[in-house]
Amino acid sequence: MGPPRTRTVEAGGFTTRYWECEPPGRPRGTVVLVHDGAFGGDAIGSWSDVMPLLAESHRVLAPDLLGYGDTDKVVYLDRPPYAFRAAHLAAFCAAVGVDTAHFVGQSFGGSLVLRSLATPSPALPALSGTSICGTGGPWRSAKGISELGRFDGTEQDVRRLVALTVDEYPGFDEAVRVRYANTRKPGHVQACLAARLRHPTLPNADGSGTWPAALRDCPVPTLVVEGTRDDLLESGWSRHFEGLSPLVRTHRMDARHAPNLDQPEEVAALLLAFFEESTR
């Protein structure tokens, strides 16, 4: 098993960059990793240390979402930010021959996974779904709203954004470097800002008021992970998912907002145990 390889594919009409890792023998299944939606986010920046650990036993794919990394910088202004990226994610799976997979997302990526599992179309070919510090939209803290919503374009500000999500760890400077480089790619910052555009008088009809009731009909095992030291979200937000369905369970871990960055071994162990349990 070597390091993640980068590839490009046409998915739903869009040029899509993705990363892939495979085990040395026959894989026990496929995992699709979905990255966060912060300024400078992309697949390898979110998952570089988790991918090789999961790829000891699984085929692992990590695509750049629309607007991020080296995927087309496309946004739709007439639909929620989850819906068109879920359609793109489903098209990506079809393009690379994924019939079934475990879907794992962090932050915005986790919310995208949850929203996709709660919506009958477009259907992801999911064996299971996991959201790490992604709520599906609501329960962001005042700090999360104010601090993640601004960016002055400098590398120092990318450093501030990364520091909001992790404890100190050896890969911190590299994470800053990768994310800052991504912010310089044409169209990326504009794609991130698009979701914040609002009509001055019309309400934001995102369906958060009834969420997460739609997950009661979720068709596959789903894991919702809360970081107990994550101050970008309201403390205890994962309790909203308790008792929704026998297929939905929650887990609280000693972490901030992005344990995929500073605790990759713990995240990989949690995911592999959940994959095993969900396919029994």
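Located above this text is the structure these notes cover.
Residues numbered from 1 in each chain as written. Predicted model: local features only at pLDDT ≥ 70, side-chain atom pairs only at ≥ 80, totals over all residues. Heavy atoms only, no water.

## Notes on helix α4 (residues 108-117)
Reasoning step 1: α4 sits mainly inside the fold: 10 of its 10 residues count as buried.
Reasoning step 2: Taken residue by residue, α4 has F108, G109, G110, S111, L112, V113, L114, R115, S116 and L117 as its buried positions.
Reasoning step 3: Residues of α4 that are buried sit in contact with β3 (30-34), α3 (81-95), β5 (101-106), β6 (126-132) and β7 (222-227). (Buried < 20%, exposed > 50% of the residue type's maximum accessible area, 1.4 Å probe, protein only. Helix = DSSP H or I, 4+ residues; strand = E, 2+ residues; numbered from the N terminus. Contact = heavy atoms within 4.5 Å.)

## Some points on unusual backbone geometry
Reasoning step 1: Cis geometry marks the peptide bond from W211 to P212; its omega dihedral reads 10 degrees.
Reasoning step 2: With respect to the element layout, P212 can be found in the loop between α8 (188-194) and β7.
Reasoning step 3: The phi dihedral of S107 is positive, around 55 degrees, even though this residue is not glycine.
Reasoning step 4: Structurally, the position occupied by S107 is in the loop between β5 and α4.
Reasoning step 5: The backbone of W139 sits at a positive phi, close to 70 degrees, despite the residue not being glycine.
Reasoning step 6: Note that W139 resides in the loop between β6 and α5 (142-148).
Reasoning step 7: Overall, the relative accessible area of 14% leaves W139 in the buried class.

## Observations regarding the sheet that holds β3
Reasoning step 1: Overall, mixed pairing links the eight strands, which are arranged β1-β2-β4-β3-β5-β6-β7-β8 in an open sheet. The two strands at the open ends of the sheet, each matched to only one other strand, are β1 (5-11) and β8 (248-253). Averaged over neighbouring strand pairs, the angle between their axes works out to 25 degrees when direction is ignored.
Reasoning step 2: Where β3 and β5 come together, four bridges link them in parallel fashion. In the strand pairing of β5, V32 is matched with F103.
Reasoning step 3: Those strands touched by α3 are β1, β2 (14-21), β3, β4 (59-63) and β5, and its axis lies near 110 degrees from that of β1.
Reasoning step 4: Set on the sheet, helix α10 (residues 264-278) makes contact with β3, β5, β6, β7 and β8; between it and β6 the angle comes to about 150 degrees. (Pairing = 2+ DSSP bridges. Axes fitted to C-alpha atoms, helices over the stretch in contact; angles between N-to-C directions.)

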